[in-house]
Amino acid sequence: MRERLLIMHEVAKWKWNEGQSIADPERERQLLADLERRGLVYGLSRERTRAFMEAQIEAGKLVQEADFAAWQKEEMGKFPDARDLKTELRPVIDDVSDQLLSQLAKLPTPGSEAAKSKIEDQADAVLHGDGIDDAVRAAALRPLLH
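Residues numbered from 1 in each chain as written. Predicted model: local features only at pLDDT ≥ 70, side-chain atom pairs only at ≥ 80, totals over all residues. Heavy atoms only, no water.

(A) Representation of the side chain of Arg 137 in the model. Counting through the fold element by element, Arg 137 comes out in helix 6 (residues 134-145). Residue class for Arg 137 comes out buried when judged on its relative accessible area of 19%. The contact partners of Arg 137, leaving out residues within four places of it in the chain, are Leu 127, His 128 and Ile 132. (Helix = DSSP H or I, 4+ residues; strand = E, 2+ residues; numbered from the N terminus. Buried < 20%, exposed > 50% of the residue type's maximum accessible area, 1.4 Å probe, protein only. Contact = heavy atoms within 4.5 Å.)

(B) Layout of helix 3 (residues 46-74). Over its 29 residues, helix 3 runs 42 Å from end to end, which matches the ideal 42 Å to within 8%, given 1.5 Å per residue. Taken from the residues just after helix 3, Glu 75 is the one with a positive phi, measuring 55 degrees. (Expected span 1.5 Å × (residues − 1).)

(C) Here's a closer look at the pattern of salt bridges. Tallied over the entire structure, the rule returns 14 salt bridges. For Asp 81, the salt bridge identified is with Lys 13, shortest N-O distance 3.6 Å. Of this pair, Asp 81 sits in the loop between helix 3 and helix 4 (85-106) while Lys 13 is found in helix 1 (residues 2-18), placing the two residues 68 residues apart along the sequence. Given the relative accessible area of 47%, Asp 81 is considered partly exposed. Across the salt bridge formed by Glu 88 and Arg 83, the nearest N and O atoms sit 3.7 Å from each other. The class of Glu 88 is partly exposed, set by a relative accessible area of 38%. A single salt-bridge network, built from bridges that share partners, covers Asp 34, Arg 37, Arg 38, Asp 94 and Asp 98. (Salt bridge = Lys/Arg side-chain N within 4 Å of Asp/Glu carboxyl O.)

(D) Broad picture of the environment of Ile 57. One can find Ile 57 in helix 3. What makes Ile 57 buried here is its relative accessible area of 10%. Linking Ile 57 and Glu 28, residues 29 residues apart in sequence, is a C-alpha distance of 8.0 Å. Filtering out sequence-adjacent residues up to four positions away, Ile 57 remains in contact with Arg 4, Glu 28, Leu 31 and Leu 32.

(E) Region of interest: the nonpolar core. Core analysis: the biggest nonpolar cluster contains 33 residues, and Leu 5, Ile 7, Val 11, Leu 104, Ile 119, Leu 141 and Leu 144 have the highest contact counts within it. When contributions to this core are tallied by element, the ones reaching two or more residues are helix 1, helix 2 (25-41), helix 3, helix 4, helix 5 (113-126) and helix 6. With seven residues, the single largest contributor to this core is helix 4. Residues within four places of Val 11 in sequence aside, it is in contact with Gln 64, Leu 85, Leu 89 and Ile 93. (Core = buried A, V, L, I, M, F, W, Y, C linked by side-chain atoms within 4.5 Å.)

(F) Geometry of the side chain of Lys 61. Tracing the sequence through the fold places Lys 61 in helix 3. Taking relative accessible area as the criterion, Lys 61 reaches 11% and is therefore assigned buried. Ignoring sequence-local partners within four residues, the contact set of Lys 61 consists of Ile 22, Ala 23 and Glu 28.

This is the structure:
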């Protein structure tokens, strides 16, 4: 989760440079449908995959929104070092998403105390860093803890 969230800063830079909005409902719909199919490979139900990946997308948008807000305040210009979303960042995000699905399949039954405890312990240890605040963490973990 941490790796995917940190990549969102690069996604935000590209969107900022291109004047794109953070949300792209059509792209998100297509992505979630694709992720549901990919989750089946790991033995995950479409519903579990969708709920989990929707949360990751929402958490990623929170990171991007915070970046945009800071850049607007700073009257930031374009980033000369922004990586291309389509050719550079999406393949990385796809790889990380597959890793997330693989790990999701290994977790205990959602909602069990064993699952919650394991997830909370790991999140406290690794789910932090640039732009990963309490709201982002809560959004990313929501389907695993509730």
